[in-house]
Amino acid sequence: QDPMDFEWSYWIEWGRERILWLLAGHLLVSQVSRLLVEKYKPWCLMVYGMAACWLLLGIKGFAVILLHAMISFAVAQFRLSVLMWLCSLTLLSTLRIAAVEEAKRKWYDTENEYYLLLFTLSVRCLFCTSFGLEYCWHGPAQKSSHSFLWMLAYVFYYPTFHNGPLMNFDEFSKQVTELFKITVCVRGCLCIGLWSAEGNVCTLCIYTQYVFVYFIYIKKSKSRWRAESGLALAQVLFFYVKYLVLYGVPALLLQMDGLKPPALPCCVSLMHSFTKMWRSFDVGLHRFLIRYIYVPMGGSQSGLLGTLISTALTFAFVSYWHGGQSYLWYWGALNWLGVIVESGVRKILSISPIQDLI
């Protein structure tokens, strides 16, 4: 592993200490409630998620997340998408106010505990935004599935609680509602779980060994260009494996709950374009961006200028959500430029004379 990768080391440490045990507890509550009180399973999981949040983040951390949910739900009552977005961006901006950061740090004994709250709030912000916008778009007929209780069940669903993967509320509510109409086989769930777990562990082992052998080659290589390019490839593979595991474990629990998680990240060695990278690496985030930013802003149906603006706003939000530091704005701008260039070249190549020439 890359010992300088803070994110990997951070989540592995938390996983070993508490999170994996809490995920196992979620699975136990899920299966027991399915057998005994299937009709109330979402609410049982909601209560468990709130208890797990309280245990890890303390009463103050739990209160902040609950407050964010309550504010988002209250603003959603106006059924104005613009107002909902202003609320979400305001809540997100509070995570970067120095005075607020210092106050939250004092709640905990270690920096790791504070960062867990910070990461959780960042991801919860997307979930609250998804629920709020769906509430704005749906009429009174869907009121029963867009209640505050449903919002809590969605926001405090534990497998996706700390780090994702992101699942939009319309997908979540539809799948949970469908579960009431079918019987989920426990044996089938366990088979899916064992198969998925085995696949993730094997992939991790294979890539770890591959990268290890590759580093031996890099060390012995006399060519600086080969060594640096090999190191770059290894770093990208580390990044891929990291999110394959971080998203693979929650996806496993989603499957065992009878839900269909977003597809796991596609191997970066198979990618050669910015567009494919954004579509197939973090599928949940891509669906969120398309549904709530790109399409509402006009997308490809609004002409060249509309496409440029829609795409720019999408990448601007991604950069701001990740932290808003200067290097993230450069990263977002370069990705925006890459997507625009690829789209432009694709349209040029689709012209009949160019096709004939090819």
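Residues numbered from 1 in each chain as written. Predicted model: local features only at pLDDT ≥ 70, side-chain atom pairs only at ≥ 80, totals over all residues. Heavy atoms only, no water.

## Re the UniProt feature "transmembrane region" (unreviewed entry) in the protein chain
Link 1 in the chain: As annotated in UniProt, the feature "transmembrane region" (unreviewed entry) corresponds to residues 49–76, 82–100, 112–133, 148–167, 201–218, 230–250 and 302–321 in the numbering used here.
Link 2 in the chain: The span residues 82–100 is 79% helix and 0% strand, and its two end C-alpha atoms sit 25 Å from each other.
Link 3 in the chain: With 95% helix and 0% strand, the stretch residues 302–321 has end C-alpha atoms that lie 25 Å from each other. (UniProt positions renumbered as here; feature names shortened; annotations may be inferred. Helix = DSSP H or I, 4+ residues; strand = E, 2+ residues; numbered from the N terminus.)

## Looking at the packing of helix α3 (residues 81–93) against helix α5 (residues 111–137)
Angle between the axes and distance between the axes: these two values describe a pair of packed helices.
Link 1 in the chain: Interhelical geometry of α3 versus α5 gives an angle of 170 degrees and a closest axis separation of 9 Å. Relative to α5, the element α3 is oriented roughly antiparallel. Where α3 abuts α5, its residues S81, M84, W85, S88 and L92 lie against C125, C128, T129, G132, L133, C136 and W137.
Link 2 in the chain: In the contact of α3 with α5, the residues fall into eight nonpolar, four polar and no charged. (Axes fitted to C-alpha atoms, helices over the stretch in contact; angles between N-to-C directions. Parallel < 35°, antiparallel > 145°, perpendicular 65-115°, else oblique. Contact = heavy atoms within 4.5 Å. Nonpolar A, V, L, I, M, F, W, Y, C, P; charged D, E, K, R; others polar.)

## Points about empty space enclosed by the protein
Link 1 in the chain: Tallying each qualifying case throughout the model produces two cavities of 30 Å³ or more.
Link 2 in the chain: Volume-wise, the second largest cavity comes out at about 40 Å³.
Link 3 in the chain: Forming the walls of the second largest cavity are I65, H68, L91, L121, R124, C125 and C128.
Link 4 in the chain: Of all elements in the fold, only α2 (41–76) and α5 reach the threshold of two or more residues within the lining of the second largest cavity.
Link 5 in the chain: In terms of residues, the lining of the second largest cavity owes the most to one element, α5, which gives four residues.
Link 6 in the chain: Each residue belonging to the lining of the second largest cavity can be placed in one class, and the counts come to five nonpolar, one polar and one charged. (1 Å grid on protein atoms, 1.4 Å probe; cavity = no way out; pocket = protein on both sides within 12 Å on 5 of 7 lines; lining within 4 Å. Points joined across faces, edges and corners; volume = space filled by probe spheres on them.)

## Section: the nonpolar core
Link 1 in the chain: Counting residues in hydrophobic clusters, the biggest one holds 73 residues, and the most contacted among them are L57, F156 and F317.
Link 2 in the chain: It is α2 that provides the largest number of residues to this core, a total of 15 residues.
Link 3 in the chain: Residues in contact with L57, not counting those within four places in the same chain, are F62, I65, Y108, L116, L117, T120 and F161.
Link 4 in the chain: The next biggest cluster of nonpolar side chains, apart from the first, holds 12 residues, and it includes L237, V245, C267 and M271. (Core = buried A, V, L, I, M, F, W, Y, C linked by side-chain atoms within 4.5 Å. Buried < 20%, exposed > 50% of the residue type's maximum accessible area, 1.4 Å probe, protein only.)

## Description of the layout of surface pockets
Link 1 in the chain: By volume, the largest pocket amounts to about 1200 Å³.
Link 2 in the chain: If you trace the largest pocket, you find 36 residues lining it, with E7, Y243, W321, H322 and L328 closest to the centre.
Link 3 in the chain: Of all the secondary structure elements, the ones that give two or more residues to the lining of the largest pocket are α1 (6–36), α5, α9 (224–256), α10 (274–280), α11 (283–294) and α13 (326–349).
Link 4 in the chain: Looking at the lining of the largest pocket element by element, the count peaks at six residues for α5.
Link 5 in the chain: Split by residue class, the lining of the largest pocket holds 22 nonpolar, eight polar and six charged.
Link 6 in the chain: Of the pockets and cavities examined, the second largest pocket occupies roughly 460 Å³.
Link 7 in the chain: Lining the second largest pocket we find 17 residues, and of these T275, R279, Y294, T311 and V339 sit closest to its centre.
Link 8 in the chain: Contributions of two or more residues to the lining of the second largest pocket are made by α10, α11, α12 (303–321) and α13.
Link 9 in the chain: For the lining of the second largest pocket, the class distribution of residues is seven nonpolar, seven polar and three charged.

## Here's the deal with the pattern of salt bridges
Link 1 in the chain: Under the criterion given, the structure shown has six salt bridges.
Link 2 in the chain: Residue K242 is joined to E7 by a salt bridge in which the shortest nitrogen-to-oxygen separation is 3.1 Å. With K242 in helix α9 and E7 in helix α1, this residue pair connects regions lying 235 residues apart in the sequence.
Link 3 in the chain: The class for K242 is buried, based on a relative accessible area of 5%. (Salt bridge = Lys/Arg side-chain N within 4 Å of Asp/Glu carboxyl O.)

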